[in-house]
Amino acid sequence: MTEREPAVLVFDVNETLLDIESLQPHFERIFGDTRVLREWFGQLVMYSMALTLSGQYADFGTLGRAVMQMTAEVHHVNVTDGDLRDFAAGMRTMPAHPDVAGGLAALRNLGYRMATLTNSPASPDGRTPLQNAGLGDYFERQFSVDPQRAFKPAPQLYTGVAYELGVPTSAAMMVAAHPWDLLGAQAVGMSTALLTRPGNAALPLPGIAEPTLVATDVGDLARALSEGRT
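Residues numbered from 1 in each chain as written. Predicted model: local features only at pLDDT ≥ 70, side-chain atom pairs only at ≥ 80, totals over all residues. Heavy atoms only, no water.

1. Notes on the layout of surface pockets
Note the cut-off: Each cavity reported here is a set of points on a 1 Å grid over the protein atoms alone in which a 1.4 Å probe fits but cannot get out, each pocket an open set with protein on both sides within 12 Å along at least five of seven lines, and each lining residue one with an atom within 4 Å of a point. Grid points are joined across faces, edges and corners, and a volume is the space filled by probe spheres set on the points. Only runs of H or I of at least four residues qualify as helices and only runs of E of at least two qualify as strands under DSSP, and these elements are numbered from the N terminus. Only Asp, Glu, Lys and Arg are considered charged in this grouping, and only Ala, Val, Leu, Ile, Met, Phe, Trp, Tyr, Cys and Pro are considered nonpolar; every other residue, Gly among them, is considered polar.
Looking at the largest pocket, its volume works out to about 220 Å³. Along the walls of the largest pocket sit 14 residues, with D59, G61, R92, P121 and A122 positioned nearest its centre. Sorting the residues of the lining of the largest pocket by element identifies α3 (60-74) and α4 (81-92) as the ones contributing at least two each. Grouping the amino acids of the lining of the largest pocket by side-chain chemistry returns 7 nonpolar, 4 polar and 3 charged. Its volume calculated, the second largest pocket comes out at about 150 Å³. Lining the second largest pocket, in full, are E15, R38, F41, V45, H178, P179, W180, G199, N200 and A201. Those elements that provide at least two residues to the lining of the second largest pocket are α2 (36-53) and α8 (179-187).

2. Section: the nonpolar core
Let me state the cut-off plainly: Residues enter a nonpolar core if they are buried and are Ala, Val, Leu, Ile, Met, Phe, Trp, Tyr or Cys, with the set joined through side-chain atoms within 4.5 Å. Exposure is judged per residue with a 1.4 Å probe applied to protein chains only, and the accessible area is read against the type maximum: over 50% gives exposed, under 20% gives buried, and values in between give partly exposed. Note on contacts: a residue pair qualifies if any of its non-hydrogen atoms lie within 4.5 Å across the two residues.
Counting 72 residues, the largest nonpolar core has F11, W40, L104, L107 and L221 as its most contacted members. Per-element accounting of this core gives the leading share, 7 residues, to α2. Beyond its immediate sequence surroundings of up to four residues, L221 is in contact with F11, L107, V175, A193, L195, L213 and A215.

3. Quick notes on the packing of aromatic side chains
The condition is simple: Aromatic contacts are taken between Phe, Tyr and Trp rings whose centres are within 6.5 Å, Trp giving its six-membered ring; a plane angle under 30 degrees counts as stacked, one over 60 as edge-to-face, and the others as tilted.
Enumeration over the complete set of coordinates arrives at 8 aromatic pairs. Summarising the aromatic geometry, the rings of F60 and F151 are spaced 5.7 Å apart at their centres and angled 50° between planes, so their arrangement reads as tilted. Of this pair, F60 sits in helix α3 while F151 sits in the loop between β3 (141-144) and α7 (155-165); the two residues are 91 residues apart in sequence, bridging distant segments of the chain. The same class applies to F60 and to F151, which are both buried. A network of ring pairs unites the aromatic residues F27, F31, W40, F41 and F87 as a single cluster.

4. Focus on a nonpolar patch on the surface
Short version of the rule: Patches were defined on residues exceeding 30% relative accessible area and lacking a salt bridge, with like-charge contacts within 9 Å and nonpolar side-chain contacts (Val, Leu, Ile, Met, Phe, Trp, Tyr) within 5 Å. Using a 1.4 Å probe, the Shrake-Rupley method yields the accessible areas, and only the shown protein chains count as cover for residues. Salt bridges are counted wherever a side-chain nitrogen of Lys or Arg sits within 4 Å of a carboxyl oxygen of Asp or Glu.
Residues L183, L203, L205 and I208 make up a contiguous nonpolar surface patch of about 320 Å² in total accessible area. In this structure, I208 sits in the loop between β5 (191-195) and β6 (213-215). The exposed category is assigned to I208, whose relative accessible area is 53%.

5. Some words on helix α5 (residues 100-109)
Burial in α5 covers these residues: V100, G103, L104, A105 and L107. Residues of α5 that are buried in the fold lie against β1 (8-11), β2 (113-118) and α9 (218-228). Of the residues flanking the end of α5, it is G111, one or two places downstream, whose phi is positive at about 95°.

6. Let's talk about the sheet that holds strand β4 (residues 172-176)
Test applied: Strands were regarded as paired on the criterion that DSSP finds at least two bridges between them. With axes taken as lines fitted to C-alpha atoms, and helix axes fitted only over the stretch in contact, angles between N-to-C directions fall between 0 and 180 degrees.
Taking strand neighbours across the sheet as the criterion, the 6 strands line up as β3-β2-β1-β4-β5-β6 in an open arrangement whose pairing is parallel. Of all strands in the sheet, those bounded by a partner on one side alone are β3 and β6. Put simply, the sheet's adjacent strands are angled 20° from each other on average, direction ignored. Bridge analysis of β2 against β3 gives 4 bridges, and the strand direction is parallel. Across the sheet, L117 pairs through a bridge with F143, a residue of β3.

7. Examining the pairing of β5
Put simply, the rule is: The handedness rule is simple: strands pointing away from the viewer, and a clockwise path from the first strand over the helix to the second, make the crossover right-handed.
Extensive coverage of β5 is indicated by the burial of 5 of its 5 residues. Every second residue of β5 is oriented toward a common face, with S191, A193 and L195 on one face and T192 and L194 on the other, all of them buried. Bridge count between β4 and β5: 4 bridges; the pairing is parallel. Looking across to β5, one finds that V175 is bridged to A193. The parallel pair β4 and β5, bridged by α8, forms a crossover whose chirality is right-handed. Where β5 meets β6, 3 bridges bridge the pair, whose relative direction is parallel. Looking at β6, one finds that L194 is bridged to V214.

Next comes the structure, spelled out in structure tokens:
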């Protein structure tokens, strides 16, 4: 458990709470291979970081569509404007993992404040992907990187969230399925929890990338935090 119990839990959204595997039908239709989903997602994360490091920015949805076009060119397949529109809608309406609602309810019952920090902006109608998935009411704030025009794991994003929530970074725990996300949180003094969703694992860099907690899903995280109080 942590040396200091967190006052607030800050969740990543894509893959941590929402199931990106729901996008597989788009990749089956366009590429004939659902495995390209992971290729696309890895490239999306890499180019989001590359934009931030180079001082440039495009919102995550726009970048996601551009990476889809790039991936299609690499694979020598055609992607139409209709494909891209359908894919964008799919990105905005990903469902939650089955464990998420029950796990968040358990964390709320334990008294934890909860917020989110995501690379994704709100939809044009102002609704967030979490609201579309029916999870919005669990969180007191939903932060997007969009106002700061930088992607995670840029440290200022994590310090900004802690500031907006009125807590020191040491009182916040970042929860994500991606070690790279937790690295940004660790850099500013947050504790961290890694959710080992399928396709994700801890990064074995002792003293650098070790999360405070490792859990299989949100329910498992709630159990771990509850046991840490005893």
